[in-house]
Amino acid sequence: MNFKQIIIPILAIFIFLFTVNTVTAKNKALQLKEACNNGYAKACANLAYMYENGRGVKQNYAKAAILYQKSCENGISESCYNLALIYHNGRGLEQNNKQAAKFYNMACSNGISNACLNLAYMYENSQGVKQDYAEAEKLYKKACDAGALNACFNLAVMYDTGKVAAKDYSEVINLYTETCDGQIAKGCYNLAAIYYNGKSVERDLEKAKNLFKKACDMSLQKSCEAYKMLLKQMQKN
C-alpha cells in the first residue's frame, strides 16, 4: 500500500506582468532582448519564459534553453531549475537526464526546494545519475525541511520500504502525518494502511477509516475503495 510520486511544477521569476495585449507583449520581448544582451540576467530569464511558453514571441524551446542557461550561469537559480525541467521532460528538446540532474543540482544548491526533490528522485531511480539511496535521502530531507511535502512523502516511502533505514518507525508515521495534514492524499492513505495493519502501532480501525475517508475526499480512488471495504467490515462486527 505504498506510493511514490514526484511533482515537477513550473517555477519562474518575472520582473513584469503579461497582459492580453499582444503588441505590448511583443514590445516587452524586444525590451527584454536588449536588456539581456546588455547583461541583465533577469531579463534573459523572463525572455526565456516567453520563448518557452510562446508569450509575445513564437514558441521556441531551443532559444528558451539557451536563455535559461545564460541567466542560470549568471546567478538566477530559478532559471537553472526551469532549464532542468526542459531537459527532464524533453520539452521541445531531446530528453537529457544528465543535463537535468546537473541543473537541478545547481538550483538545489541555491535553495530551490523542488529542484532538490526532483534530484533526489533521480538519485533514487537512477535517472541521469548513478543510483544512490543515501544521496536521495539527504536531498529529500533537505527539500522536506524546506517545506516540499512531496519530498517528505517520498522520504517516508523510502523508509517504509526499507531502501534506507529510519531511526525508528515513528519517523515514518510522523512524515506520513505531516504530508496528510498538508493535504497529500497518498500520505493519508499510507498512514491509514499503517493503522489498519497495526504496523508498529496499536491497530486502530476507526483511525484507519477516517484517514481512508480523508484521502478519498481528495479524490484518491484507491482510498475510496479501501474506505468502503473497511466500512463494510466494521458494520459486520
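Presented here is an overview of the structure given in this document.

Reading the values: the criteria
Residues numbered from 1 in each chain as written. Predicted model: local features only at pLDDT ≥ 70, side-chain atom pairs only at ≥ 80, totals over all residues. Heavy atoms only, no water. Helix = DSSP H or I, 4+ residues; strand = E, 2+ residues; numbered from the N terminus. Buried < 20%, exposed > 50% of the residue type's maximum accessible area, 1.4 Å probe, protein only. Disulfide = S-S within 2.5 Å.

Focus: unusual backbone geometry
Logical step 1: We note that Ser-126 has phi near 55°; this positive angle belongs to a residue other than glycine.
Logical step 2: Mapped onto the fold, Ser-126 is located in the loop between helix H6 (113-125) and helix H7 (133-145).
Logical step 3: By relative accessible area, which is 41% here, Ser-126 ends up partly exposed.
Logical step 4: A positive phi is found at Gln-183, a non-glycine position, where the angle reads about 70°.
Logical step 5: The topology assignment puts Gln-183 in the loop between helix H9 (169-181) and helix H10 (185-197).
Logical step 6: Classification of Gln-183 by relative accessible area gives partly exposed; the value is 48%.

Some words on the state of the cysteines
Logical step 1: Using the criterion set out here, one finds 6 disulfides in the structure.
Logical step 2: What pairs with Cys-36 in a disulfide is Cys-44, and their sulfur atoms sit 2.1 Å apart. Because the torsion about its S-S bond is 100°, the bridge between Cys-36 and Cys-44 counts as right-handed. No difference in accessibility class separates Cys-36 from Cys-44, as the two residues are buried.
Logical step 3: Assigning the bonded cysteines of the chain consecutive numbers by sequence position, one obtains the connectivity 1-2, 3-4, 5-6, 7-8, 9-10, 11-12.

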